[in-house]
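Geometric and topological summary
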Amino acid sequence: MDKWRAKIKLRGALMRAFKLGGIHKQTTTQSKIYTRYPKIHEVHIDEENEAVRFTFTLPDGANPDLVLKQEWVFKQCFGNNIEIDGKVKKFILRCYSKDMKKDIPYEFKKIQPHLKDKNIPIMCGVDRSGKMNVKDMAKEHHMLLTGTTGSGKSSLIRGILTSLILHKSPDEIQFLLGDLKFSEFGIYKRLPHVMGVFMDAKSLLPPLQIIENEMFRRGKLLDKMDVESIYELKDRPPTLSCVLMRLYCSRINPK
Ligand SMILES: Nc1ncnc2c1ncn2[C@@H]1O[C@H](COP(=O)(O)OP(=O)(O)OP(=O)(O)O)[C@@H](O)[C@H]1O
Ligand SMILES: [Mg+2]
């Protein structure tokens, strides 16, 4: 089947899903009921990854929960391997023909090129199409990694730390690691990038206070230099990570 025909067929399948799931907006006048379905803007066929991406928008007044809660209807029409992105009006539905790979080996050589344009690259793994997903903690300052028991949280956090440690020198990045489970970060504790691994609330408190002091110091520095980010101060010695290290050492070895 040529691509054009395939797209028409896919468009029809999506319209069918909208109808089955009641994803529409109805307006009633005295004599008639008007039903408006979402508008399909694009059907993209990714042959390499055996995937299809639909972009559609809901008619004004349609409840977005119709899409998010009716995921099952898309699964019935396109199979279990789907993802829906969107919140209010515009949605992207991705449908994959293959299941995700069971094992994806950690290979720093493949990851490294994706870290280069980020200040603090956080390697989050690959998406279903095999694309590397890397966030920048310099832009997204707070991150939370959650999941059910055994879903891979520890493995991912180790992947993130290992990538940062291999990519940056100890002068560029320093870690204070909190590990209240006594089992997460043992392999990192002797590395020069790691200021300490703290395993209970009492010992974790002083490093957290050091971070608070450092945030305060940096805030004053930004104000004094009239800049918005420490990256604009990059070449001004001493590097901030070293200061953090020194503060910590002086705290544990007060002279
Ligand atoms: N991306 C992955 N692909 C395949 N297997 C994985 C992946 N991530 C983790 N695993 C495997 O899943 C198992 C559980 O992983 P992990 O210990 O990281 O989970 P967790 O969420 O930290 O669990 P817990 O809640 O018990 O701390 C391990 O055997 C690990 O090898
Ligand atoms: Mg764990």
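**Notes on helix α1 (residues 3-21)**
- Along its 19 residues, α1 runs 27 Å from first to last C-alpha, staying within 8% of the 27 Å computed at 1.5 Å per residue.
- Of the positions making up α1, those classed as buried are A6, L10, L14, A17, F18 and G21. Down the axis of α1, the sector holding all buried residues measures 125°, keeping them to one side. Of the exposed residues in α1, the ones pointing more than 90 degrees away from its buried face are W4, R5, K9, R16 and K19.
- Two residues or fewer after α1 comes G22, characterised by a positive phi angle close to 65°.

**Here we look at the side chain of H193**
- Its place among the elements puts H193 in the loop between β9 (175-178) and β10 (194-198).
- From its side chain, H193 meets the backbone oxygen of I165 in a polar contact 3.3 Å long.

**Some details on unusual backbone geometry**
- Phi is positive for F182, close to 65°, though the residue is something other than glycine.
- Residue position: F182 is located in the loop between β9 and β10.
- Although it is not a glycine, D226 adopts a positive phi angle of roughly 60°.
- Within the secondary structure, D226 sits in the loop between α6 (201-225) and α7 (240-252).
- What makes D226 exposed here is its relative accessible area of 72%.

**Structural notes on helix α3 (residues 71-78)**
- Looking at α3, one finds that the buried residues are V73, F74 and F78. Down the axis of α3, the sector holding all buried residues measures 110°, keeping them to one side.
- Close packing links the buried residues of α3 with α1, β4 (51-57), α2 (65-68), β5 (82-86) and β6 (90-96).
- After α3 finishes, the residue G79 shows a positive phi value of roughly 95°.

**Observations regarding the nonpolar core**
- Judged by nonpolar contacts, the single largest core of 23 residues is most densely connected at L14, F54, F56, V67, F74, F78 and L93.
- When residues of this core are traced back to their parent elements, those giving at least two are α1, β3 (39-46), β4, α3, β5 and β6.
- The greatest single-element share of this core, amounting to five residues, is contributed by α1.
- With sequence-adjacent residues up to four places away left out, F78 is seen in contact with L10, A13, L14, A17, F54, L93 and C95.

**Quick word on the pairing of strand β2 (residues 33-36)**
- In the sheet, strand β1 (residues 25-28) pairs with β2 via four bridges, with the strands oriented antiparallel. Bridge pairing in β2 links Q26 to T35.
- Here β1 hands over to β2 after four residues, the two strands then running antiparallel side by side.

**Structural notes on the confidence of the model for the protein**
- In this model, the protein carries a mean pLDDT of 86, and residues with pLDDT of at least 70 account for 91%.
- The low-confidence segment residues 237-243 (pLDDT under 50) makes 17 contacts with residues lying over four places distant or belonging to another chain.
- Of the regions scoring below 50 in pLDDT, residues 247-255 engages in nine contacts with residues more than four places distant in sequence or in other chains.

**Quick word on the domain arrangement of the protein**
- Partitioning the protein into domains gives domain 1 (3-96), domain 2 (101-168) and domain 3 (169-255).
- Listed as interface residues are twelve residues of domain 2 and, on the opposing side, 15 residues of domain 3.
- Both faces combined, the contact of domain 2 with domain 3 buries some 1200 Å², and carbon together with sulfur accounts for 66% of it.
- If you sort the residues of domain 2 by the area they bury against domain 3, L161, I165 and K168 come out on top, with a joint share of 51%.

Scoring rules and cut-offs
Residues numbered from 1 in each chain as written. Chains lettered and ligands numbered in written order. Predicted model: local features only at pLDDT ≥ 70, side-chain atom pairs only at ≥ 80, totals over all residues. Heavy atoms only, no water. Helix = DSSP H or I, 4+ residues; strand = E, 2+ residues; numbered from the N terminus. Expected span 1.5 Å × (residues − 1). Buried < 20%, exposed > 50% of the residue type's maximum accessible area, 1.4 Å probe, protein only. Arc of directions from axis to C-beta. Polar contact = N/O pair within 3.5 Å; in protein donor to acceptor, adjacent residues only side chain to side chain. Contact = heavy atoms within 4.5 Å. Core = buried A, V, L, I, M, F, W, Y, C linked by side-chain atoms within 4.5 Å. Pairing = 2+ DSSP bridges. pLDDT = per-residue confidence, 0-100. Domains from an automatic or database assignment. Buried area = accessible area lost by both parts, 1.4 Å probe.

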